[in-house]
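Examination of the molecular architecture
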Amino acid sequence: MCHITQRSSTFSFPKIRSIFWRFHHTSTSHWCSCSKTISDEKYQDPFQLGKKDLKNLYEDIKKELLVSAAELKEMCDYYFDGKGKAFRPMIVVLMARACNIHHNNSKEVQASQRSVAIIAEMIHTASLVHDDVIDDANSRRGKRTLNQIWGERKAVLAGDFILSAASVALARIGNTTIISVLTQVIEDLVRGEFLQLGSKENENERFAHYLEKTFKKTASLIANSCKAVSILGCPDPKVHEIAYQYGKNVGIAFQLIDDVLDFTSCADHLGKPTAADLKLGLATGPVLFACRQFPEMNAMIMRRFSKPGDVERARKYVLQSDGVQQTTYLAQRYCHAATREIRKLRPSPEREALVHLTEMVLMRDK
């Protein structure tokens, strides 16, 4: 699939119509097995394998956020409570080990590589704080958002503070290449947010727009963090590209499944309101696929589901269509691309854990 394995982070899809049509009309015998693609090979549990490198992760983050202002400290501690799965840092340390083993059979994670994992989590959290302000969200990870408790202005400042602390930690690594790679993430986050605020009338451009936004807002952080630790652990540019492509494809798949869960998971289980994207006026994968079967959705997409009843009608159309299944199938294709990339590295428990992680992305329910 040319649009999955391309090397550029920009999505230019000259054949998006034929690709879209092919995904839309793929028989159910192909996509229905997407949640059962684990082979007979014995996989390592990614969370268990990465656990020792992530010990005291949140305590170390709080050290980076050392601040005398009691209220600001309370706001930072609110999200860095140690209850998250640390999905992104876990990928980063596993990639670090996999690349180190591939290069010189080193089984240790360098301090600078672990710093990248810390920085990745800080950038991610800062982006969530800012997203919640932009979206006027009232819940995140099953609890109230910063903007609901402390107000929008203080929430923005808290997000800025976390981002500035991440930048200081990044500068401390002292590698200009790593600084360049990870600051690209911050640029992509901003550009992705602007993409999300816009929309395309042409349906092929609309799908490309959606995938590019998905890369910039979600996958860029994982892709560039993986690339950064590969640069620190191995001098081979081919390995850097493998790490980047793995992270990009897993990141896009993760967001595609997130967009599916917005239609299929209950609010209590998901930790945030369902149909949230529709309420924000966003047309995600399930909506774009459903639009092929229900063309009347085009008008709703262009007005960003702003008329009374639009959200309910759009959700009904999505669930009546095969939009959810086709988006899940598309996520599977991205996961397969990630697996092909990571298998280019020398065999190791960490490599197999990263393979297993692609399966976990597809099967997650929140």
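Residues numbered from 1 in each chain as written. Predicted model: local features only at pLDDT ≥ 70, side-chain atom pairs only at ≥ 80, totals over all residues. Heavy atoms only, no water.

This part is about the overall build of the protein chain. Within the protein chain, the regular secondary structure consists of 20 helices and two strands. Residue burial in the protein chain is summarised as follows: out of 366 residues, 56% are buried. Summed over its atoms, the accessible surface of the protein chain is roughly 16100 Å², and 52% of this surface lies on carbon and sulfur atoms. (Helix = DSSP H or I, 4+ residues; strand = E, 2+ residues; numbered from the N terminus. Buried < 20%, exposed > 50% of the residue type's maximum accessible area, 1.4 Å probe, protein only. Areas by Shrake-Rupley, 256 points an atom, 1.4 Å probe, with all protein chains shown as cover.)

The next subject is the state of the cysteines. Evaluation of the coordinates by the stated rule reveals zero disulfides. The thiol of C234 is unpaired, and the distance to the nearest cysteine sulfur, on C99, comes to 6.6 Å. We classify C234 as buried; its relative accessible area is 3%. (Disulfide = S-S within 2.5 Å.)

Turning next to a nonpolar patch on the surface. The grouping of I134, V190, F194 and L197 at the surface amounts to a nonpolar patch, some 430 Å² of accessible area in total. Examined against the element boundaries, I134 turns out to sit in helix 8 (residues 111-135). (Patch = residues over 30% accessible without salt bridge, like charges linked within 9 Å, V, L, I, M, F, W, Y side chains within 5 Å. Salt bridge = Lys/Arg side-chain N within 4 Å of Asp/Glu carboxyl O.)

Moving on, we get to the packing of aromatic side chains. Under the counting rule described, the total for this entry stands at seven aromatic pairs. Ring geometry for Y58 versus F80: centroids 6.5 Å apart, planes at 45°, classification tilted. Here F80 lies in the loop between helix 6 (70-79) and helix 7 (87-104) and Y58 lies in helix 5 (residues 57-64), a separation of 22 residues in the sequence. A relative accessible area of 11% means that Y58 is categorised as buried. In this structure an aromatic cluster arises from ring pairing among Y78, Y79 and W150. Against the face of F254 rests R88, its NZ or CZ located 5.4 Å from the ring centre. In this structure, K227 packs its charged tip against the face of Y244, placed 5.8 Å from the ring centre. (Phe/Tyr/Trp six-rings, centres within 6.5 Å; stacked < 30°, edge-to-face > 60°. Lys NZ or Arg CZ within 6 Å of the ring centre and 35° of its normal.)

This next bit is on the pattern of salt bridges. Under the defined criterion, the tally for this structure stands at 17 salt bridges. Of the charged contacts in the structure, one is a salt bridge between K63 and D60, with a shortest N-O distance of 3.8 Å. Placement of the pair is K63 and D60 together in helix 5, with a separation of three residues, close to one helical turn. With a relative accessible area of 18%, D60 lands in the buried category. Here the salt bridges do not stand alone but share partners, grouping D60, K63 and R114 into one network.

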